[in-house]
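# Coordinates in review
Given next are the chains, with one letter for each unit.
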Amino acid sequence: MKIAIIDKKGAIIKVENQVLKVDEQKIPLRLIDTIILASNNHLESKDMINITKEGITFLLLSAQGKDSAIVTSTQNKNAEVKLAQYMAQKNALNFAKYFVSEKITRHGGHLREHDIIVKIDEVLQSIHKAEDIATLLGIEGSFSRFYFSNYFALFPKVLHSGKRTKNPPLDPVNAMMSFFYMLVYNLITIRLLSFGFEPSIGFLHQPFRSHNALSSDFMELFRADINAFVFRIFDEKIIENSDFTKKNGVYLRYEGRKKIWGEFKMFTQMLEPKIDSEIANIRSML
């Protein structure tokens, strides 16, 4: 993904002659496919329309990164993919088994990188024998509890409470996990749209209001990558406890966000071919 991240309070954003201008900085539109707006900026609707006409998608973030929205062109793509996706619902269990088994395999691999013994053969056999989605979710939930009990132990205790918390996150590690999960979930949604999928119709996860269930399905394949990334930025002290604020939850400060955007862009460059490969794989299975 060719991502431009704009996280400068009060920046004036314009489009002139196929060039995105952010205050005095200039970026040719041909070098961008996604713009992340992470601060309150000055952007007129006509410029936003002109940008989306070029096939560029906006990912809008709230001040603390708790909420997000995608703004893209209304052009529909690849109706035959959507039709095949709907028809594949009759085989939803097989797709769901793929997402859960891959999630557990990849999470197990992540723990083994830290010399933690993980035995997943029996878990994978249980997934293979599962007869419904509810059973799969139970297996996934049980393994997740085991995984997180080991994952949080990798960090100094001052950074975490020892368990997964969200809505709101209650410690720095959970805050970063939630923040990056949200970002990657939205980037997956953007990629699914570009491939012609309907993100709201999933196989493992169920549609609910504005939830993109298929994006959540694909997220299961990349959570281990994100968790490894979170560990690295703390382990290398790119961010520290002082970069967070505690108010109705724990969130990364504006100054802290500035520290991680460069790392996140490099992370997405590594992740993008994996995402595209998995999307192409699922499309071939429809």
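Structure: above.
Let me sum up the structure you'll find in this document.

With that settled, the discussion passes to the environment of Leu 29. Take Leu 29: it is sitting in the loop between β4 (25-28) and β5 (34-37). The class of Leu 29 is buried, set by a relative accessible area of 4%. Each C-alpha atom of the pair Leu 29 and Pro 168 lies 36 Å from the other, and the pair is 139 residues apart in sequence. Contacts of Leu 29, omitting those with residues within four sequence positions, involve Val 15, Gln 18, Val 19, Leu 20, Glu 54 and Ile 56.

This part covers empty space enclosed by the protein. For the coordinates displayed, the defined rule picks out one cavity of 30 Å³ or more. Volume-wise, the largest cavity comes out at about 30 Å³. Met 1, Val 184, Leu 187, Thr 268, Leu 271, Glu 272 and Ile 275 together form the lining of the largest cavity. Residue assignment for the lining of the largest cavity shows that the elements contributing at least two residues are α6 (172-195) and α9 (254-285). By residue number, the principal contributor to the lining of the largest cavity is α9, which donates four residues. In terms of residue class, the lining of the largest cavity is made up of five nonpolar, one polar and one charged.

If you trace the four strands from one edge of the open sheet to the other, you get β4-β3-β2-β6, paired in mixed fashion. Only two strands of the sheet have a single partner each, and these edge strands are β4 and β6 (42-43). Of the strand pairs in this sheet, strand β3 (residues 19-22) and β4 are connected by four bridges, and their pairing is antiparallel. In the sheet register, Lys 21 faces β4, and the bridge partner there is Lys 26. Along the sheet, helix α1 (residues 45-53) contacts β2 (12-16), β3 and β6; its crossing angle with β2, the most-contacted strand, is approximately 55 degrees.

Before going further, it helps to spend a moment on the layout of surface pockets. Estimated volume of the largest pocket: approximately 1200 Å³. In this structure, the largest pocket is lined by 38 residues; those nearest its centre are Lys 166, Asn 167, Ser 178, Tyr 181 and Met 182. With seven residues, the top contributor of residues to the lining of the largest pocket is α6. Residue composition of the lining of the largest pocket, grouped by class: 16 nonpolar, 14 polar and eight charged.

Pairing within the open sheet is mixed, and its four strands lie in the order β1-β5-β7-β8. Unpaired on one side and paired on the other, β1 (3-6) and β8 (68-71) mark the two borders of the sheet. Here the strands of the sheet are splayed against their neighbours by 15 degrees on average, with no regard to which way each runs. Inspection of the sheet shows β1 paired to β5 by four bridges, in the parallel sense. Its bridge partner being in β5, Ile 3 is matched across the sheet by Thr 34. Of the strands in this sheet, β1, β5 and β7 (57-61) touch α9, which is tilted by about 160 degrees from β1.

Now for the pattern of salt bridges. On inspection of all chains with the given rule, the structure shows 15 salt bridges. Its salt-bridge partner being Lys 274, residue Asp 225 comes within 3.3 Å of it at the nearest N-O pair. One end of the pair, Asp 225, is in helix α8 (residues 223-235); the other, Lys 274, is in helix α9, with 49 residues separating them in the sequence. A salt bridge links Lys 259 to Asp 243; its shortest N-O distance comes to 2.9 Å. With a gap of 16 residues between them, Lys 259 in helix α9 and Asp 243 in the loop between α8 and β9 (244-246) connect regions that are remote in the sequence. Among the charged side chains, a salt-bridge network with shared partners connects Lys 103, Glu 140, Glu 220 and Arg 223.

Right, let's talk about the packing of helix α3 (residues 92-112) against helix α5 (residues 133-151) for a bit. A packed helix pair is summarised by two numbers, namely the angle formed by the two axes and the spacing between the axes. Relative to each other, α3 and α5 sit at 10 degrees, their axes nearing to 11 Å. Here α3 lies roughly parallel to α5, going by the angle between them. Of α5, the residues touching α3 (which contributes Ala 92, Leu 93, Ala 96, Lys 97, Val 100, Lys 103, Ile 104, His 107, Gly 108, His 110 and Leu 111) are Ile 133, Leu 136, Ile 139, Glu 140, Phe 143, Ser 144, Phe 146, Tyr 147, Asn 150 and Tyr 151. Of the residues assigned to the contact of α3 with α5, the class counts are 13 nonpolar, five polar and three charged.

Let's shift gears to unusual backbone geometry. In the segment running from Asn 167 into Pro 168, the intervening peptide bond is cis, with an omega of 5 degrees. Here Pro 168 shows up in the loop between α5 and α6. Within the chain, Asp 23 stands out as a residue other than glycine whose phi angle is a positive 55 degrees. The phi angle at Lys 237 is positive, at roughly 55 degrees, despite the residue not being glycine. Tracing the sequence through the fold places Lys 237 in the loop between α8 and β9.

Definitions and limits used
- Residues numbered from 1 in each chain as written.
- Predicted model: local features only at pLDDT ≥ 70, side-chain atom pairs only at ≥ 80, totals over all residues.
- Heavy atoms only, no water.
- Helix = DSSP H or I, 4+ residues; strand = E, 2+ residues; numbered from the N terminus.
- Buried < 20%, exposed > 50% of the residue type's maximum accessible area, 1.4 Å probe, protein only.
- Contact = heavy atoms within 4.5 Å.
- 1 Å grid on protein atoms, 1.4 Å probe; cavity = no way out; pocket = protein on both sides within 12 Å on 5 of 7 lines; lining within 4 Å.
- Points joined across faces, edges and corners; volume = space filled by probe spheres on them.
- Nonpolar A, V, L, I, M, F, W, Y, C, P; charged D, E, K, R; others polar.
- Pairing = 2+ DSSP bridges.
- Axes fitted to C-alpha atoms, helices over the stretch in contact; angles between N-to-C directions.
- Salt bridge = Lys/Arg side-chain N within 4 Å of Asp/Glu carboxyl O.
- Parallel < 35°, antiparallel > 145°, perpendicular 65-115°, else oblique.

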